[in-house]
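So you can see what is in the structure, the chains are spelled out below.
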Amino acid sequence: MKPKTAAAAIHIFPTDLGWIALAWRGEQLTRVSFGHPSAAAASAALEVDDELTIVNEKDVPGWIRKLMARLQSFAAGNDERFEDVPLDLAHLSTFQMRVVRACRKISRGQVRSYGELAKAAGSPGAARAVGSVMSHNRYPIIVPCHRVVASGGSLGGFTARDGVNMKQRMLALEGVSLRTKKKIQPATPALALC
C-alpha cells in the first residue's frame, strides 16, 4: 500500500492580476492559480484535486512570502524572474518536463511559438503536444505559458480565467503586443491554467 503524502499547504493573496493561490508541499510548489475575483474563488480553484490546508499569514514559510512578493511585483508590471522557484514535476513525463524547462527559459517580453518551443525542448514537429502540455500547466506565471503563442503571431489559446484576454494583458505588462483573431469569451475553468 502506498503511504499517504502530507496535505499541501495553501496561501491566498491579492495582486493586480486578481487573487492568487499558491499550494506547496515541503520545499516545492505544487500548484498556482491566478486571476480570481476573490480569495474564495482562488481557494475553490485549488480544492479540485488535492487535500489542502490553508495556512495563516503568520505561518507562511519565508520562501513562499518571498514568492508572494515577487508575484505581486510581476502583476504590477515589474520585471520578475521565477526560474529559481522549486516545482514538483513528479506528475510529468520526460517530454513534458523538457517542455516545462524550455518554457521557463523564455524571457520577459519575448514570445515563442508552440513549434519553436517544441524545437527548444528537443522535439521539433511536436507543436500540438507542446500545446497540450501548456494547457495543463500547473504553474502559470512561474512556467510562463502566456509567452507561448500561435505560429502566425496570434495569441493562440489560454485556459486561465478570462482566457486570451488575460494572456494579452499579461503580455502587455511585458511590452508585447500581439493580435487576436477574434475576441473570445471562454467559459471560466475551475483552475487557471495556460
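Fair warning: this is a prediction, and the values are worked out from it, not measured in the lab.

Bringing the overall build of the protein chain into the picture now. On a plain count of helices and strands, the protein chain comes out with six helices and six strands. In sequence order, the secondary structure elements of the protein chain are arranged as β-β-β-α-β-α-α-β-α-α-β-α. Contacts in the protein chain between residues at least 24 apart in sequence constitute 61% of all its contacts with a sequence separation of at least 6. As displayed, the protein chain offers around 9500 Å² of accessible surface, 51% of which is attributable to carbon and sulfur atoms.

Phi is positive for Ile141, which is not a glycine, with a value near 80 degrees. Its location among the elements puts Ile141 in the loop between helix H5 (127-135) and strand S6 (148-149). For Ile141, a relative accessible area of 4% translates into the label buried. Phi at Asp162 takes a positive value of approximately 70 degrees, unusual for a residue other than glycine. Mapping Asp162 onto the fold places it in the loop between S6 and helix H6 (163-173).

One rule of thumb: low pLDDT means the predicted coordinates there are not for detailed reading. Residue-level pLDDT values for the protein chain average 87, and 87% of them are 70 or greater. Residue range residues 181-193 is modelled with pLDDT below 50. Its contacts to residues more than four positions away, or to other chains, number 32 contacts.

Tracing the backbone shows Ala75 in helix H2 (residues 62-75). According to the relative accessible area criterion, Ala75 is buried, its value standing at 4%. Filtering out sequence-adjacent residues up to four positions away, Ala75 remains in contact with Thr15, Asp16, Leu17 and Leu173.

Moving on to the side chain of Ser73. Along the polypeptide, Ser73 turns up in helix H2. Beyond its immediate sequence surroundings of up to four residues, Ser73 is in contact with Asn78 and Glu80.

A few words on the pattern of salt bridges. Summed over all chains, the structure comprises five salt bridges. Close ionic contact of Glu57 with Arg65 constitutes a salt bridge, the shortest N to O distance being 3.3 Å. Residue class for Glu57 comes out partly exposed when judged on its relative accessible area of 44%. Across the salt bridge formed by Asp59 and Lys58, the nearest N and O atoms sit 3.5 Å from each other. Taking the relative accessible area as the measure of exposure, Asp59 reaches 45% and is therefore partly exposed.

Judged by pairing direction, the sheet is mixed, and its four strands sit side by side in the order S3-S2-S1-S4 without closing on themselves. The strands lining the two open edges of the sheet, one partner per strand, are strand S3 (28-36) and strand S4 (52-54). Mean inter-strand twist for the sheet, computed between neighbouring axes without regard to direction, equals 25 degrees. As paired elements, strand S1 (residues 8-13) and S4 share three bridges and run parallel to each other. Bridging across to S4, Ala9 finds its partner in Thr53. Where helix H1 (residues 39-46) meets the sheet, it contacts S1, strand S2 (19-25), S3 and S4, and its direction lies at approximately 40 degrees from that of S2.

Turning our attention to the pairing of S2. Two faces belong to every sheet, and in a regular strand the side chains alternate between them. Of all seven residues that make up S2, five are buried, and the element is covered over most of its length. Between S1 and the antiparallel strand that follows it, S2, lie five residues; Gly18 among them carries a positive phi value of about 100 degrees. Relative to S3, S2 is paired through six bridges, and the arrangement is antiparallel. Within S3, the residue paired with Trp19 across the bridge is His36. Counted along the chain from S2 to the antiparallel partner S3, the turn is two residues long, and its residue Gly26 has a positive phi close to 65 degrees.

Procedures and definitions
Each chain carries its own residue numbering, running from 1 in the written order of its sequence. Selection of residues for local features in this predicted model requires a pLDDT of at least 70, selection of side-chain atom pairs for listing and counting requires 80 or more, and totals for whole chains, interfaces and linings are taken over all residues. Values reported for side chains reflect all heavy atoms of the structure, with hydrogen atoms and water molecules removed beforehand. In this text, helices come from DSSP runs of H or I with a minimum length of four residues, and strands from runs of E with a minimum of two, each type numbered from the N-terminal end. A contact between two residues is defined here by any heavy atoms of the two lying within 4.5 Å. Method for areas: the Shrake-Rupley scheme with a 1.4 Å probe, in which residue coverage is limited to the protein chains shown. The cut-offs for exposure are 20% and 50% of the maximum accessible area for each residue type, with area from a 1.4 Å probe on protein chains only; residues under the lower value are buried, those over the upper are exposed, and the others partly exposed. pLDDT is defined as a per-residue confidence score from the predictor, taking values between 0 and 100. Any carboxyl oxygen of Asp or Glu that lies within 4 Å of a side-chain nitrogen of Lys or Arg is treated as forming a salt bridge with it. One bridge is not enough; two strands pair if DSSP finds at least two bridges between them. Each axis is a line fitted through C-alpha atoms, and for a helix only the stretch in contact is used; angles between axes span 0 to 180 degrees, taken between their N-to-C directions.

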